[in-house]
Amino acid sequence: MSCQSADLIPYLAKQGFGQGSLILKSRSIEDVIKDPNTRSQVLASLTLATDVVKFAESEMGMKTGKNYRRFVELQRPYVTQIVTAAHKDKLESFMFSYPIFGKLPYKGFFEEADAIALEESLKTQGYDTYRRPVEAFSTAGWLPDPLTSAMLSSPARLIELLFHELTHSTFYFSGEADFNEAFASWMGYQTALVYIEKSTRPDKDVLKKELTDGKEFQTELSRVVKSVLAHGKLAYGQSDSKNLEKARNEFFAWAKSEFEKSPVLKNWGQKQEWNNARLLALGTYYSQVPKIEEYANKNNLGPKEFLKLVEETGPAIIQKIF
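Residues numbered from 1 in each chain as written. Predicted model: local features only at pLDDT ≥ 70, side-chain atom pairs only at ≥ 80, totals over all residues. Heavy atoms only, no water.

**Examining unusual backbone geometry**
Located in the positive-phi region is Y68, a residue other than glycine, with phi close to 60 degrees. As for its placement among the helices and strands, Y68 is situated in the loop between helix 3 (40-58) and strand 2 (70-72). The phi dihedral of N300 falls on the positive side, at around 55 degrees, and the residue is not glycine. With respect to the helices, strands and loops of the structure, N300 is situated in the loop between helix 11 (289-298) and helix 12 (303-313). (Helix = DSSP H or I, 4+ residues; strand = E, 2+ residues; numbered from the N terminus.)

Structure representation (structure tokens):
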């Protein structure tokens, strides 16, 4: 048994306990809404979330199961922390193995100390690492996912996030993290637009503006990330071990300048610290989105029709799109 396999059992047990603890701490959303002590902002968010989940199931054909029927208040702005890693001498992710889900380029933890411990271990082994907090995650329908306070940053973000995560509950292709995340990102945005357009909310124009601003950022990020990763593969391919550090420094400086050239990404790009793991993590979520959108437009597929096609076709859809 490999070290990673040996470590997997206690990891799954601890994270399963963490998920169970969330569920035990949670309350029925219906009860929270009825509670006169519930803050007005939380009340509005939970009412919205309930409507979104109903819409996802009845109008979009998503598999909602028992997801987002309960709510838990967290004492922090994130639900888990994710660790990714990559080789220093090439743009290739370190892959973590899981039962059912296959190999994925990330590992999540409910406890920050556990995420830090893995990150430090991977650094000691010579990998680039990237650790980040996340506001939501999906167990892909295997366990009931509660709504958390970390997901309530804004109504538009909550709507998009719920549709993103419910996409994972509807289907999840083992070992295809890049496609799973990119398609969920596309679905989150497109389905949120459909929902908002059909709603009678007085703030629908504000919500659409927030979504489209986010879409503009995502589109530009996809373009630059794709260019940077392509350039990086060439740069690493032409470098040797003696000049690796020099090649890396030059590549990351160039990558930083590429992000800062974009008016949309400039302010964001100035705050980033780049390494291979950070760049590849962006690739997981964004690099495939333009091709997915291109396929949808070419075949006149709305989000409901595209999701149904993906479910019916299975992983073979990836070859059709790309």
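**Notes on the sheet that holds strand 3 (residues 80-86)**
Spatially, 6-3-7 is the arrangement adopted by the three strands of the open sheet, whose pairing is antiparallel. Pairing within the sheet leaves two strands with one partner each, and these edge strands are strand 6 (107-109) and strand 7 (128-134). Here the strands of the sheet are splayed against their neighbours by 25 degrees on average, with no regard to which way each runs. Here strand 3 runs beside strand 6; their pairing, made up of three bridges, is antiparallel. Bridge pairing in strand 6 places Q81 opposite F109. Across the face of the sheet, helix 4 (residues 112-124) comes into contact with strand 3, strand 6 and strand 7 while running at roughly 165 degrees to strand 7. Sitting on the sheet, helix 10 (residues 276-287) touches strand 3 and strand 7, and the angle it makes with strand 7 is about 50 degrees. (Pairing = 2+ DSSP bridges. Axes fitted to C-alpha atoms, helices over the stretch in contact; angles between N-to-C directions. Contact = heavy atoms within 4.5 Å.)

**Brief notes about the packing of helix 6 (residues 177-198) against helix 7 (residues 204-238)**
In the contact formed by helix 6 and helix 7, the axes pass within 10 Å of each other and the chain directions differ by 160 degrees. Taken together, the axes of helix 6 and helix 7 lie roughly antiparallel to each other. You can see that helix 6 and helix 7 cross each other, and the crossing is left-handed. Judged by residue contacts, S185, Y189, A192, L193, I196 and E197 of helix 6 engage K204, L207, K208, L211, T212, K215 and Q218 from helix 7. By residue class, the composition of the contact of helix 6 with helix 7 is six nonpolar, three polar and four charged. (Parallel < 35°, antiparallel > 145°, perpendicular 65-115°, else oblique. Left-handed = near helix turned anticlockwise from the far one by under 90°. Nonpolar A, V, L, I, M, F, W, Y, C, P; charged D, E, K, R; others polar.)

**Quick word on the side chain of H164**
Relative to the helices and strands, H164 is located in helix 5 (residues 155-170). Take H164: its relative accessible area is 11%, and that puts it in the buried class. With near-sequence residues (within four places) excluded, H164 lies in contact with E181, A184, S185 and G188. (Buried < 20%, exposed > 50% of the residue type's maximum accessible area, 1.4 Å probe, protein only.)

**Here we look at the sheet that holds strand 1 (residues 27-28)**
If you trace the three strands from one edge of the open sheet to the other, you get 1-2-8, paired in mixed fashion. Both outer strands of the open sheet, strand 1 and strand 8 (147-148), are each paired with one neighbouring strand and no more. Bridge count for strand 1 against strand 2 is two bridges, and the pairing is antiparallel. Residue R27 lies in a different strand from strand 2, and its bridge partner there is F71.

**Points about helix 5**
For an α-helix the count is 3.6 residues per turn, leaving residues at separations of three or four pointing the same way. Between its first and last C-alpha, helix 5 extends 23 Å over 16 residues, near the 22 Å set by a 1.5 Å rise per residue. Of all 16 residues that make up helix 5, 14 are buried, and the element is covered over most of its length. (Expected span 1.5 Å × (residues − 1).)

**Some points on the environment of K261**
Among the structural elements, K261 can be located in helix 8 (residues 244-261). We classify K261 as exposed; its relative accessible area is 61%. It is 9.8 Å that separates the C-alpha atoms of K261 and V224, two residues lying 37 residues apart in sequence.

**Describing the pairing of strand 3**
Looking down a regular strand, the side chains alternate between one sheet face and the other. Judged by how many residues are buried, strand 3 sits mostly within the fold: seven of seven residues are covered. On strand 3, burial covers both faces: T80, I82, T84 and A86 on one face and Q81, V83 and A85 on the other are all buried. Pairing analysis gives seven bridges linking strand 3 to strand 7, with the strands arranged antiparallel. Note on strand 7: the bridge partner recorded for T84 is Y130.

**A closer look at the packing of aromatic side chains**
Taken as a whole and judged by the stated rule, the model has 24 aromatic pairs. Relative to F179, the ring of F173 lies with its centre 6.0 Å away and its plane at 10 degrees, an arrangement referred to as stacked. An angle of 20 degrees between the planes, with centres 6.4 Å apart, marks the rings of F251 and W254 as stacked. Here the residue F251 and the residue W254 both occupy positions in helix 8, the gap between them amounting to three residues, near one helical turn. By relative accessible area, F251 is classed as buried at 4%. By relative accessible area, W254 is classed as partly exposed at 24%. Grouped by ring-pair contacts, the aromatic residues F171, F173, F179, F183, W186, Y295 and F306 constitute a single cluster. Across the ring face of Y11, the terminal group of K107 is positioned such that the distance to the ring centre comes to 4.4 Å. (Phe/Tyr/Trp six-rings, centres within 6.5 Å; stacked < 30°, edge-to-face > 60°. Lys NZ or Arg CZ within 6 Å of the ring centre and 35° of its normal.)

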